[in-house]
Amino acid sequence: MAKDSYLVGLIGSGIGPSLSPALHEREAARQGLRYLYRLIDIDALGVPPEAVGDLLRAARDLGFDGLNITHPCKQLVIEHLDALAPQAEALGAVNTVVFGEDGRATGHNTDVTGFAASFARGLPDAPLDRIVQLGAGGAGAAVAHATLTLGAGRITLVDALPERAAALAAQLNRHFGDGRAAHATPDRLPALLTTADGIVHATPTGMAAHPGLPLPADRLHPGLWIAEVVYRPLETELLRTARALGCATLDGGGMAVFQAVDAFRLFTGREPDAVRMLVDITDLAGALGAPQ
């Protein structure tokens with residue numbers, strides 16, 4: 001018989017304001033499940049990111065069904081797992097761990113599938129020949145993989161740390177084929193954006209703790225679409241500015257929801273209602289205010 005009770009959690013740093021517990025628990029309640037989602041904040045525990053292995057083992061011993069993993073533990077957790085799903089192996093990062101009945105821990109990455117699903121739903125007709133992505137960190141790696149999986153012709157990564165952008169571009173070219181990814185320094189943005197189809201924004205700029213625009217407003221023009229990763233607030237300054245110019249836009253709420261949809265399915269084997277969860281994210285983000 002299918003289980004009707006689940007214990008899951010999230011390991012990461014500074015995760016107190018996370019919407020994941022409410023997203024998961026609301027959907028579980030609608031499905032008649034007993035579902036507890038607990039936050040395991042390494043800052044509150046006073047332990048370093050390298051303690052993720054100990055926390056993983058403790059959760060398994062305590063009967064957790066699975067865990068979400070976020071910054072700064074998505075790479076560190078890998079060495080403590082028994083298996084990796086292909087997407088997580090290709091990306092080199094894990095954001096979801098499922099404990100099997102035999103206790104084996106398998107790592108997945110639903111950030112990639114979450115962004116891909118959100119983009120396909122929110123910008124279905126967006127041209128994908130030439131894309132500029134701002135940010136090449138953890139979130140940037142996931143959305144770059146997702147964008148190329150959707151069929152993007154070429155993606156150029158721009159990051160404040162040029163070596164990070166170069167490393168991600170090299171990884172993407174190994175996985176998707178030579179010439180699919182490039183990297184550039186921020187001073188090349190004006191030239192890149194004159195011929196780009198769209199911008200993927202994958203830096204923290206726009207969050208409550210990091211207000212502002214990730215690029216000068218005069219670099220935007222109506223021929224661009226803008227896809228945002230930040231979801232608290234749902235309407236960032238970048239999206240407001242872009243919409244005022246007539247750009248097609250995609251907020252970060254869809255990625256947050258669809259990665260949760262995929263994680264919920266992995267944890268429970270049940271199909272969540274993504275449409276209801278999209279309503280939830282708008283409700284929760286508005287009710288809980290700006291902190292990310």
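For the structure, check the block above.
Values in this document were obtained by computation on a predicted structure and should not be read as measured data.

A. Expanded view of the packing of aromatic side chains. In total, this model carries four aromatic pairs according to the counting rule given. Ring centres 5.0 Å apart and planes at 75° place the aromatic pair Phe 119 and Trp 225 in the edge-to-face group. Linking Phe 119 in helix 5 (residues 110-122) with Trp 225 in strand 11 (residues 225-228), this pair joins segments that are 106 residues apart in sequence. A relative accessible area of 3% places Trp 225 in the buried class. Linked through ring pairs, Tyr 6, Tyr 35 and Phe 264 together constitute an aromatic cluster.

B. Molecular detail of the nonpolar core. With 32 residues, the main nonpolar core has Phe 115, Phe 119, Ile 155, Leu 157, Leu 172, Trp 225 and Ala 227 as its most contacted residues. At the level of secondary structure, the elements contributing two or more residues to this core comprise helix 5, helix 6 (138-149), strand 8 (154-158), helix 7 (162-176) and strand 11. The leading source of residues in this core is helix 6, at six residues. Grouped together as the second largest cluster of nonpolar side chains are 18 residues, Val 52, Cys 73, Val 77 and Phe 99 included.

C. Just the sheet that holds strand 5 (residues 96-99), in detail. Strand order across the open sheet formed by six strands is 2-1-3-5-6-4, with mixed pairing between neighbours. One side of each edge strand has no neighbouring strand; the edge strands of this open sheet are strand 2 (34-41) and strand 4 (83-84). Judged from the three bridges that link them, strand 3 (residues 66-69) and strand 5 form a sheet pairing that is antiparallel. Bridging from a neighbouring strand, Gly 66 pairs with Val 98 of strand 5. Seen against the sheet, helix 3 (residues 52-61) touches strand 1 (5-12), strand 2, strand 3, strand 5 and strand 6 (105-108) and runs at an angle of roughly 35° to strand 5. Contacting strand 1, strand 2, strand 3, strand 5 and strand 6, helix 10 (residues 253-268) runs over the sheet at an angle of about 10° to strand 5.

D. View of the environment of Leu 220. Looking at where Leu 220 falls in the secondary structure, it is placed in the loop between strand 10 (198-201) and strand 11. Spatially, the C-alpha atom of Leu 220 lies 31 Å from that of Thr 70, the residues being 150 residues apart in sequence. Those residues in contact with Leu 220 that sit more than four places away from it in its chain are Ile 199, Leu 215, Ile 226, Leu 238, Thr 241, Ala 242 and Leu 245.

E. How the structure looks around helix 6. Between its terminal C-alpha atoms helix 6 stretches 17 Å, which fits the 16 Å expected from 12 residues at 1.5 Å a residue. Within helix 6, nine of the 12 residues are buried, which leaves the element mostly enclosed by the surrounding structure. Looking at helix 6, one finds that the buried residues are Gly 140, Ala 141, Ala 142, Val 143, Ala 144, His 145, Ala 146, Thr 147 and Leu 148. Two residues or fewer past helix 6, Gly 151 is found with a positive phi of approximately 110°.

F. Focus on the side chain of Asn 68. As for its position among the elements, Asn 68 is in strand 3. With a relative accessible area of 4%, Asn 68 lands in the buried category. A distance of 2.8 Å separates the side chain of Asn 68 from the side chain of Tyr 37, its partner in a polar contact. Aside from chain neighbours lying at most four places away, what touches Asn 68 is Gly 9, Leu 10, Ile 11, His 24, Tyr 37, Asn 95, Thr 96, Ala 263 and Phe 267.

G. Summary view of the sheet that holds strand 10. In space, the six strands of this open sheet follow the order 9-8-7-10-11-12, with parallel pairing throughout. With one partner strand each, in any of the chains shown, strand 9 (181-184) and strand 12 (248-250) form the two edges of the open sheet. Direction aside, the axes of adjacent strands within the sheet are offset by 20° on average. Strand direction decides the pairing type here: strand 8 and strand 9, joined by four bridges, are parallel.

H. Structural context of helix 3. Of the residues making up helix 3, those classed as buried are Val 52, Gly 53, Leu 55, Leu 56 and Ala 59. Along the axis of helix 3, the buried residues cluster in a sector spanning 165°; they form a single face. Looking at the buried side of helix 3, the elements it contacts are strand 1, strand 2, helix 2 (42-45), strand 3 and strand 5. Once helix 3 finishes, Gly 63 follows within two positions and takes phi at roughly 95°, a positive value.

I. Structural view of the pairing of strand 11. Here strand 11 shows a buried face lined by Trp 225 and Ala 227 and a second buried face lined by Ile 226 and Glu 228. Alignment of strand 11 against strand 12, held across three bridges, turns out to be parallel. Note on strand 12: the bridge partner recorded for Trp 225 is Ala 248. With helix 9 (residues 237-244) bridging strand 11 and its parallel neighbour strand 12, the resulting β-α-β unit is right-handed.

Quick notes on the rules
- By convention here, each chain's residues receive numbers from 1 onward along its written sequence.
- Under the rules for a predicted model, residues below a pLDDT of 70 receive no local features and side-chain atom pairs below 80 are neither given nor counted, while totals for whole chains, interfaces and linings still include all residues.
- Only hydrogens and water are set aside when side-chain values are computed; all heavy atoms of the structure are taken into account.
- Aromatic rings from Phe, Tyr and Trp, taking only the six-membered ring of Trp, are treated as a pair when their centres fall within 6.5 Å; an angle between ring planes under 30 degrees marks them as stacked, one over 60 as edge-to-face, and anything in between as tilted.
- Secondary structure elements follow DSSP: runs of H or I no shorter than four residues count as helices, runs of E no shorter than two count as strands, and numbering proceeds from the N terminus.
- When a residue's accessible area, from a 1.4 Å probe over protein chains only, is under 20% of the maximum for its type it is buried; when over 50% it is exposed; and in between it is partly exposed.
- Side-chain atoms within 4.5 Å link the members of a nonpolar core, which is a set of buried Ala, Val, Leu, Ile, Met, Phe, Trp, Tyr and Cys residues.
- Note: two strands are recorded as paired if DSSP finds a minimum of 2 bridges between them.
- Any pair of residues with heavy atoms lying within 4.5 Å of one another is described as a contacting pair.
- In this analysis, axes come from line fits to C-alpha atoms, helices being fitted only over the stretch in contact, and the angle between any two N-to-C directions falls in the range 0 to 180 degrees.
- A helix is expected to span 1.5 Å for every residue after the first.
- Counted as a polar contact is a pair of N or O atoms within 3.5 Å, where, for protein atoms, one must be capable of donating a hydrogen and the other of accepting one, and residues adjacent in sequence contribute only when both atoms are in side chains.
- For this quantity, the arc is that covered by the directions from the helix axis to the C-beta atoms.
- By definition, the crossover connecting two strands over a helix is right-handed if that path, from the first strand to the second, turns clockwise as seen with the strands pointing away from the viewer.

That is the geometry; function is a separate question.
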